[in-house]
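Residue-level listing of the chains:
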Amino acid sequence: MKLFVTYFGAAALATASLVAHGQTAQPDLTKGAATYGQVCVACHAADGNSSIPVNPKLAQQHPEYLVKQLQEFKSGKRSNAIMTGFASMLTDEDMKNISYWAASKPATPGTSTDKALVALGERIYRGGIADRQIAACAGCHSPNGAGIPSQYPRLSGQHADYTVSQLNMFRDGSRANSIQMTQVAAKLNDKEIKAVADYIAGLR
């Protein structure tokens, strides 16, 4: 019994040490830049500010959010054939290094393009739609779209086309890695989705 207790105690200490090491290990931005240049640059641009409207801007995004998305692409929890292929090549360390490197790059501002819809988008983003129990986007993503680190992603300046596609995927269930977003998107119609996306694109 004494041997078991001693062994169990040693194993617990070793596990705690590994957890602590994982929490304190610093990301390597140099390695992150190198891996990003090999794997991500073609779709997300050299500085993380994708110029392709259907591909998201990664610059200045919360690194914890990026790590989570890469892990879920790799595991299949989030479905995208292209991203699953790239994520499957990455180790956890690669994901962390890439994510923190992208987070260190300043995001370029975007612009709203549909003046007829942007006012509707602002109302939904800031106040939700009370009679349909649609929560305000600002409650989780903050009034200026900065999001909340470790919890909710930065949205400010994101391509409208990308935001529309993700809200549609949350609504139809083809993206199922956020219960909160699935519940919100399920209540939005096409016009509202487009309006919110256009407002987010110009949000600063």
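Preceding this paragraph is the structure being described.
All values reported here derive from a predicted model rather than from experimental measurement.

Describing the pattern of salt bridges
1) Next: Tallied over the entire structure, the rule returns five salt bridges.
2) Next: One salt bridge in this structure joins Arg-132 and Glu-192, with 2.7 Å as the shortest N-O distance. Within this pair, whereas Arg-132 is found in the loop between helix 7 (115-127) and helix 8 (138-141), its partner Glu-192 is found in helix 11 (residues 190-201), the two being separated by 60 residues in sequence.
3) Next: Overall, the relative accessible area of 33% leaves Arg-132 in the partly exposed class.
4) Next: Ionic contacts of the salt-bridge type, sharing partners, join the residues Lys-68, Glu-72 and Lys-77 into one network.

A short note on the layout of surface pockets
1) Next: Taken as a whole, the second largest pocket holds about 220 Å³ of empty space.
2) Next: Put simply, the parts of the chain that give the lining of the second largest pocket at least two residues each are helix 9 (160-172) and helix 11.
3) Next: In terms of residue count, the dominant contributor to the lining of the second largest pocket is helix 11 (four residues).
4) Next: Grouping the amino acids of the lining of the second largest pocket by side-chain chemistry returns five nonpolar, six polar and five charged.

Looking at the packing of helix 2 (residues 29-39) against helix 6 (residues 92-103)
1) Next: Where helix 2 meets helix 6, the axes come as close as 7 Å, and the angle between the chain directions of the two elements is 95 degrees. Judged by the inter-axis angle, helix 2 sits roughly perpendicular to helix 6. Counted together, Leu-29, Lys-31, Gly-32, Ala-33, Thr-35 and Tyr-36 of helix 2 and Glu-93, Asp-94, Asn-97, Ile-98, Tyr-100 and Trp-101 of helix 6 form the full contact between these two elements.
2) Next: Split by residue class, the contact of helix 2 with helix 6 holds six nonpolar, three polar and three charged.

Notes on the packing of aromatic side chains
1) Next: For the coordinates displayed, the defined rule picks out two aromatic pairs.
2) Next: Here the aromatic rings of Tyr-36 and Trp-101 are separated by 4.6 Å at their centres, their planes lie at 45 degrees, and the arrangement is tilted. Highlighted residues: Tyr-36 in helix 2 and Trp-101 in helix 6, separated in sequence by 65 residues. Accessibility classification places Tyr-36 together with Trp-101 in one group, the buried group.
3) Next: Arranged with centres 5.5 Å apart and planes meeting at 55 degrees, the rings of Tyr-125 and Tyr-199 form a pair that is tilted. Taken together, the residues Tyr-125 in helix 7 and Tyr-199 in helix 11 connect sequence positions 74 residues apart.

A word on helix 2
1) Next: Looking at helix 2, one finds that the buried residues are Gly-32, Thr-35, Tyr-36 and Val-39. Along the long axis of helix 2, the arc covered by the buried residues comes to 105 degrees, so they all point the same way. Facing away from the buried surface of helix 2 by more than 90 degrees, the exposed residues are Thr-30 and Gln-38.
2) Next: Of the surrounding elements, those touching the buried residues of helix 2 are helix 3 (41-44), helix 5 (81-87) and helix 6.
3) Next: The opening residue of helix 2 is Asp-28, an N-cap whose side-chain oxygen sits 3.0 Å from the backbone nitrogen of Thr-30.

Some words on empty space enclosed by the protein
1) Next: For the coordinates displayed, the defined rule picks out one cavity of 30 Å³ or more.
2) Next: Computed from the structure, the largest cavity encloses a volume of approximately 70 Å³.
3) Next: Around the largest cavity, the lining residues are Lys-57, Ala-59, Gln-61, Ala-107, Thr-108, Arg-154, Leu-155, Ser-156, Gly-157 and Gln-158.
4) Next: Its residues assigned to classes, the lining of the largest cavity comprises three nonpolar, five polar and two charged.

Looking at the environment of Pro-63
1) Next: Mapped onto the elements, Pro-63 comes out in helix 4 (residues 63-75).
2) Next: The exposure class assigned to Pro-63 is buried, which follows from its relative accessible area of 12%.
3) Next: Each C-alpha atom, one on Pro-63 and one on Ala-103, is 5.7 Å from the other, the two residues being 40 residues apart in sequence.
4) Next: The residues touching Pro-63, leaving out its near neighbours within four places in the chain, are Ser-99, Tyr-100 and Ala-103.

Criteria and cut-off values
Residues numbered from 1 in each chain as written. Predicted model: local features only at pLDDT ≥ 70, side-chain atom pairs only at ≥ 80, totals over all residues. Heavy atoms only, no water. Salt bridge = Lys/Arg side-chain N within 4 Å of Asp/Glu carboxyl O. Helix = DSSP H or I, 4+ residues; strand = E, 2+ residues; numbered from the N terminus. Buried < 20%, exposed > 50% of the residue type's maximum accessible area, 1.4 Å probe, protein only. 1 Å grid on protein atoms, 1.4 Å probe; cavity = no way out; pocket = protein on both sides within 12 Å on 5 of 7 lines; lining within 4 Å. Points joined across faces, edges and corners; volume = space filled by probe spheres on them. Nonpolar A, V, L, I, M, F, W, Y, C, P; charged D, E, K, R; others polar. Axes fitted to C-alpha atoms, helices over the stretch in contact; angles between N-to-C directions. Parallel < 35°, antiparallel > 145°, perpendicular 65-115°, else oblique. Contact = heavy atoms within 4.5 Å. Phe/Tyr/Trp six-rings, centres within 6.5 Å; stacked < 30°, edge-to-face > 60°. Arc of directions from axis to C-beta. Polar contact = N/O pair within 3.5 Å; in protein donor to acceptor, adjacent residues only side chain to side chain.

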